[in-house]
Amino acid sequence: MTNYKIALLDGDGIGPEIMTEAVKIMELVAERKDIEFELVHAPFGAQAYFDYGHSFPEETKAICDQADAILKGPIGLSHEESKKIPVDMQPERGALLPLRRRFNTYANFRPVFLPKGLAHFSPLKPEIIGDGIDFIIIRELVGGLYFGKKETGVNAAGKRYVNESLEYDEDQIARIAISAFETAQKRKKVLHNIHKSNVLKSSVLWNEVVAEVGEDYPDVEVIHILVDAAATYLCLNPGQFDVMVMENMFGDILSDQAGGILGSLGLMPSACIGPDKAYYEPSHGSAPDIAGQFIANPYSMIGSVAMMLEMSFGMEDEAKKVWHAMQSVFAQGNSTPDLSKPGAGVNMISTHAFGDLVAKELAKS
Ligand code: NAD
C-alpha cells in the first residue's frame, strides 16, 4: 500500500480547529484511494515556544525532514500577546521564515477563486465580478526584505535606527519566473509581472530577468504593472488577471487583498514549493479574534490539502473532487460566518459542520 508521511504543524489560534477538518478529509481520501497517510503532529509556532522554549523545536525539524510533505496551520498571536515572546522567537521570525529557509520553498502558489454562483460572498459588485474570480498569485517566498540583512542600533546622532535590506540575485528571480511562465502556459498564457521599477532598483533587475526568462516562453504574453496600480485593479477589474508573479512582500500584501475581494481570507489556501520538499498552508494568520469559537472557515486548510494531493502526490482527480465538494457545500446555501450575515437563505454552519458536509459531498463523488 502506498504510504505518505505527512508532518502536521497545527499552529496557533484557529490552526488546530481547521487542521481537524483537514485531517477528516485526508482520512477519507486515504480510505477512498486505498493509500495510507501517516500523520505526525508536531509543535510549531507560539504554543511551541511556550511548551518547548522554541517556536520551531528540533523535534519538529526532524519530523519535517522525514516527511513527504508538510501541512501547516497558521501561527501567531494577537499584537498584545506577541509581546510575551522575545522578538526573534516570535512565530514568523522564529518558525515560519526558518521553515521556508530550511526547505528553500521559493515558489508560493496562491489560487484566488470564486465561481459566479458564489459571487455574493464578495464585497465587489456583480458587474465587476462578471463570470467569477479566477487567478493565481505566484509569490517569491525566500528572498527580498523578509530574508535580507537586518540591523538595529543607535546611530552617531544617538537616534535608534533600523536597516533592512532587499536582496535578490538573478538566479532567485529566474527560478520563480520559470514557475510563473510554466503556470501561465497551462492556463491562459498571460502573465502579469508586478513590480515597482519606478522606485526600486530590485524591481529593475527583476523585470530584466523576467524578460530574459520570457524569451523561452514566446507563447506567453507578459504585462508589466506597478504594484500600486495592481492593488487598484484587483478591486476594479480582477477579471483581467490570470497569473500574477511578484516578489515576497508584494505577494504577502496583494494576496491578503485578494482574500478581501473573495470575501474572506478563509478562502485562501496555498502551496509553498521547494526543490526537494513542499509545505502547504492557508495564506492567512491564526485569527486570534475568533479562535476557540469553532466558527473559522476551514476551506483554506482543506484547499491546502487539495493542493498537496495534486502537487506532492500527483492525485489531480482527487484534488478536483475535494475542490468540487467544498464549492458544492457553499452552493447548497451553507456559509461560515466570515462570508455571510445571518439571514434569509443562509444556513450558517460551524467549522466542524463544514468539514462534515465536505466529507459527505466527497464521499458521493
Ligand atoms: P489573520 O489572517 O489571522 O486574520 C485577519 C482577519 O481574517 C481576522 O478578522 C480573522 O478572523 C479573519 N480570518 C482569517 N482566517 C480566517 C478563517 N479561516 N476563517 C474565518 N476568518 C478568518 O491576520 P492577523 O489578525 O493580522 O494576524 C494574526 C496572527 O497571525 C499574527 O500573529 C500574525 O503574525 C499571524 N500570521 C501568520 C501567518 C502564517 O502562519 N503564515 C500569516 C499571516 C499572519
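Up top is the structure these notes are about.
Bear in mind that the values here come from a model prediction, so they are computed numbers and not experimental data.

Draft legend 1. Looking closely at unusual backbone geometry. The phi dihedral of Asn-104 falls on the positive side, at around 50°, and the residue is not glycine. For Asn-104, the position within the fold is in the loop between helix 5 (91-103) and strand 4 (107-115). Residue Phe-294 is not a glycine yet carries a positive backbone phi of 55°. Tracing the backbone through its elements, the reader meets Phe-294 in the loop between strand 12 (278-280) and helix 11 (299-311). On the basis of relative accessible area, Phe-294 is assigned to the partly exposed category, the value being 35%.

Draft legend 2. Summary view of the site of the ligand. Around the ligand sit 23 residues, and of these Leu-77, Glu-92, Gly-285, Ala-287 and Asp-289 come closest. Measuring from a nitrogen atom of the ligand, one finds a side-chain N or O atom of His-284 at 3.2 Å. Here Asp-289 contributes a side-chain N or O atom positioned 2.8 Å from an oxygen atom of the ligand. Residues belonging to the shell around the ligand are distributed by class as follows: 10 nonpolar, eight polar and five charged.

Draft legend 3. Fine view of helix 7 (residues 170-186). In a regular helix each residue adds 1.5 Å, so 17 residues correspond to 24 Å; helix 7 covers 24 Å between its end C-alpha atoms and thus fits that length. Regarding helix 7, the residues found buried are Gln-172, Ile-173, Ala-174, Ile-176, Ala-177, Ser-179, Ala-180, Phe-181, Thr-183 and Ala-184. Packed against the buried residues of helix 7 are strand 4, strand 5 (132-140), strand 8 (190-195), helix 8 (201-214), strand 9 (221-226) and strand 10 (243-246).

Draft legend 4. Layout of the layout of surface pockets. Considered as a void within the structure, the largest pocket measures approximately 950 Å³ in volume. Forming the walls of the largest pocket are 31 residues, and the residues nearest its centre are Ile-136, Arg-187, Met-307, Glu-310 and Met-311. Listing elements by their share of the lining of the largest pocket, those giving two or more residues are strand 4, strand 5, helix 7, strand 12, helix 11 and helix 12 (316-331). Of the residues in the lining of the largest pocket, the class split is 18 nonpolar, six polar and seven charged. Both domains that meet at the lining of the largest pocket, namely domain 1 (1-105 + 274-365) and domain 2 (116-138 + 168-267), each give it at least three residues. Estimates place the volume of the second largest pocket at around 810 Å³. As for the second largest pocket, its lining consists of 32 residues, and the residues nearest its centre are Glu-92, Arg-93, Leu-96, Leu-97 and Tyr-146. Ranked by residues supplied to the lining of the second largest pocket, first place goes to helix 5 with seven residues.

Draft legend 5. The packing of aromatic side chains, seen in detail. One pass over the full model with this rule turns up 12 aromatic pairs. Between Phe-135 and Phe-241, the ring centres sit 6.0 Å apart and the planes meet at 55°, which makes this aromatic pair tilted. Of this pair, Phe-135 sits in strand 5 while Phe-241 is found in the loop between helix 9 (227-236) and strand 10, placing the two residues 106 residues apart along the sequence. Within the aromatic cluster, the residues linked to one another by ring pairs are Phe-121, Tyr-299, Trp-323, Phe-330 and Phe-354. Over the face of the ring belonging to Phe-56 we find Lys-61, whose NZ or CZ atom lies 5.4 Å from the ring centre.

Draft legend 6. Here's a closer look at empty space enclosed by the protein. Inspection of the entire model under this criterion finds one cavity of 30 Å³ or more. Space inside the largest cavity adds up to approximately 60 Å³. In terms of lining residues, the largest cavity is bounded by Leu-166, Tyr-168, Ile-194, His-195, Leu-200, Ser-202, Ser-203, Trp-206, Glu-247 and Phe-250. Those elements that provide at least two residues to the lining of the largest cavity are strand 8 and helix 8. For the lining of the largest cavity, the element with the most residues is helix 8, which contributes three residues. Of the residues belonging to the lining of the largest cavity, the class tally is six nonpolar, three polar and one charged.

What counts, and at which threshold
- Throughout, a residue's number is its position along its own chain's written sequence, starting from 1.
- The model is predicted, so local features are restricted to residues of pLDDT at least 70 and side-chain atom pairs to those at 80 or more, both for listing and for counting; the totals for chains, interfaces and linings are taken over all residues.
- Note: side-chain values were computed over all heavy atoms of the structure, leaving out hydrogens and water.
- In DSSP terms, a helix is any run of H or I states spanning at least four residues, a strand is any run of E spanning at least two, and both are numbered starting from the N terminus.
- To sort residues, take the accessible area from a 1.4 Å probe on protein chains only and compare it with the maximum for the residue type: under 20% means buried, over 50% means exposed, and anything in between is partly exposed.
- What makes a residue near a molecule or strand is one non-hydrogen atom of that residue sitting within 4 Å of it.
- Within 3.5 Å is the distance limit for a polar contact, defined as a pair of N or O atoms, with the added protein rule that one can donate a hydrogen and the other accept it, and that residues adjacent in sequence qualify only through two side-chain atoms.
- Each residue is assigned to one class: nonpolar for Ala, Val, Leu, Ile, Met, Phe, Trp, Tyr, Cys and Pro, charged for Asp, Glu, Lys and Arg, and polar for all the others, Gly among them.
- Residue count minus one, scaled by 1.5 Å, sets the expected span of a helix.
- What makes two residues a contact is simply this: any of their non-hydrogen atoms within 4.5 Å.
- Put plainly, a pocket is an open set of points on a 1 Å grid over the protein atoms alone with protein on both sides within 12 Å along at least five of seven lines, a cavity is a set where a 1.4 Å probe fits but cannot get out, and a lining residue has an atom within 4 Å of a point.
- Grid points are joined across faces, edges and corners, and a volume is the space filled by probe spheres set on the points.
- Each domain span listed reflects an automatic or database assignment of domains.
- Aromatic rings from Phe, Tyr and Trp, taking only the six-membered ring of Trp, are treated as a pair when their centres fall within 6.5 Å; an angle between ring planes under 30 degrees marks them as stacked, one over 60 as edge-to-face, and anything in between as tilted.
- Two limits define a charge over a ring: the Lys NZ or Arg CZ must be within 6 Å of the ring centre, and within 35 degrees of the ring normal.

Interpretation in functional terms is not warranted from these geometric data alone.
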